Amino acid sequence: MTSTYHFLAIDLGGSNTRLGLFASLETPEFTPLASFSTRAAYDEQLEQMVTALREREVTGLEGAGMSVAARVARDGRSLVFGPNVPEYLGRALAADLEARLGCPVRLGHDTVCGLLGEKRFGALRENERCAYLTLSTGTGAAIQLGKGAAALTSSIEIGHQILDGNELLCLCGQLGCLETLTGGRQLELRYGRPLAEFADEVFWEGFSDKLALGLLNLAQLTRIDTIAVGGAIALQNPFLLPMLQQKLDTLLRGSRVQLLQAALGAHAPLIGAASLLAVPEETILH
Ligand SMILES: [Zn+2]
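Notes on the structure follow. Note that the coordinates shown come from a computational prediction; the quantities given were computed from them, not determined experimentally.

## Side note on unusual backbone geometry
Alright, step 1. Phi at Glu57 is positive, roughly 55°, even though this residue is not glycine.
Alright, step 2. With a relative accessible area of 61%, Glu57 lands in the exposed category.
Alright, step 3. Within the chain, Arg223 stands out as a residue other than glycine whose phi angle is a positive 60°.
Alright, step 4. Note on Arg223: relative accessible area 61%, which makes it exposed.

Have a look at this one:
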């Protein structure tokens, strides 16, 4: 295995962690290595990853990229905010992994990784001003603004923009966040049952009315023109994208934003984690 695979990608999600091996950074193809439930304890999580590599006799890695469901520190070396992994916050995650894996390690917010994956191999290949939006337990996004060979990618807090007239308290502590109306976790907490059980046509109309406002704000503030949409809520409800597109077209003046289905589906964070290794750290604003 040492001669074939040079790069490791890790998708550290709130509930599951997946590892994949890449022979090259120039294709999205990978070999799944392991999948296990994300450990709450930091040291146990690191040990699980090392064990998975040892069992498959993987050595001689040139680099590893990790997608995390948490906000990454500005220097890209640790995690600073993430309700899913409280015990990891402030730990020297990149350095600790480098010591165990024996290769350079890069970290990225899962939305940044989703964007990089879609940009290099998926729906955003042709776009210089674009965003990746994930509709899942939370509402997250990253944007990339580029011109020619230069491009900056930034994680943004799209779910925590305030919508006028919304008086719901968000889990983040602010009043009136978009995510109180579009985040799977907040909706399920408020209604007390799984999203699939209460989401009917009236619900989705309201959901997409609010989300369209959020996307309009995003477009006006950043002048992006294309958004790849992923995450479980989008993947499980294919009618949502055309509904959102129609509402956005009605609201937005002066430009048009094209919504596209994320092409890499559930693999976007893992493929994007490997893509971290193909773009300079200085081009990512964590
Ligand atoms: Zn909020």
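From this point on, the discussion continues.
## Thoughts on the packing of helix H7 (residues 201-222) against helix H9 (residues 240-251)
Alright, step 1. Here H7 crosses H9 at 55°, and the two axes come no closer than 9 Å. Between H7 and H9, the angle falls in the class oblique. For the pair H7 and H9, the crossing hand works out as right-handed. Judged by residue contacts, Trp204, Glu205, Phe207, Ser208, Asp209, Leu211, Ala212, Leu213, Leu215 and Leu216 of H7 engage Leu240, Met243, Leu244, Lys247, Leu248 and Leu251 from H9.
Alright, step 2. Taken together, the residues of the contact of H7 with H9 sort by class into 12 nonpolar, one polar and three charged.

## Some thoughts on the coordination of the zinc ion
Alright, step 1. Within the first shell, the zinc ion binds the protein through His160 (ND1), Cys170 (SG), Cys172 (SG) and Cys177 (SG), at distances of 2.0 to 2.3 Å.
Alright, step 2. Metal-centred angles of 104 to 116° between the four donor atoms at the zinc ion mark the site as tetrahedral.
Alright, step 3. Written as a sequence motif, the donor arrangement for the zinc ion is H-x9-C-x1-C-x4-C. Neither residue differs from the other here; Cys170 and Cys177 are each classed as buried.

## Some details on the sheet that holds strand E3 (residues 31-37)
Alright, step 1. Spatial ordering of the open sheet is given by E3-E2-E1-E4-E7, a layout of five strands whose pairing is mixed. Taken across any chain shown, the strands that pair with only one partner, and hence form the sheet edges, are E3 and strand E7 (105-109). Each strand axis lies, on average, 15° off the axis of its neighbour in the sheet, ignoring direction.
Alright, step 2. Inspection of the sheet shows strand E4 (residues 63-68) paired to E7 by five bridges, in the parallel sense. Residue pairing for E7: Gly65 is matched across the bridge by Arg106.
Alright, step 3. Those strands touched by helix H1 (residues 42-55) are strand E1 (7-12), strand E2 (16-22), E3 and E4, and its axis lies near 150° from that of E3.
Alright, step 4. Docked against the sheet, helix H2 (residues 93-101) engages E1, E4 and E7, running at close to 140° with respect to E7.

Basis of the calculations
Residues numbered from 1 in each chain as written. Predicted model: local features only at pLDDT ≥ 70, side-chain atom pairs only at ≥ 80, totals over all residues. Heavy atoms only, no water. Buried < 20%, exposed > 50% of the residue type's maximum accessible area, 1.4 Å probe, protein only. Axes fitted to C-alpha atoms, helices over the stretch in contact; angles between N-to-C directions. Helix = DSSP H or I, 4+ residues; strand = E, 2+ residues; numbered from the N terminus. Parallel < 35°, antiparallel > 145°, perpendicular 65-115°, else oblique. Left-handed = near helix turned anticlockwise from the far one by under 90°. Contact = heavy atoms within 4.5 Å. Nonpolar A, V, L, I, M, F, W, Y, C, P; charged D, E, K, R; others polar. Donors = N, O, S within 2.8 Å, 3.2 Å for Na, K, Ca; no water. Tetrahedral: all angles 85-135°; square planar, octahedral: opposite > 155°, others 65-115°. Pairing = 2+ DSSP bridges.

Fair warning: the whole summary comes from geometry, so function is off the table for now.
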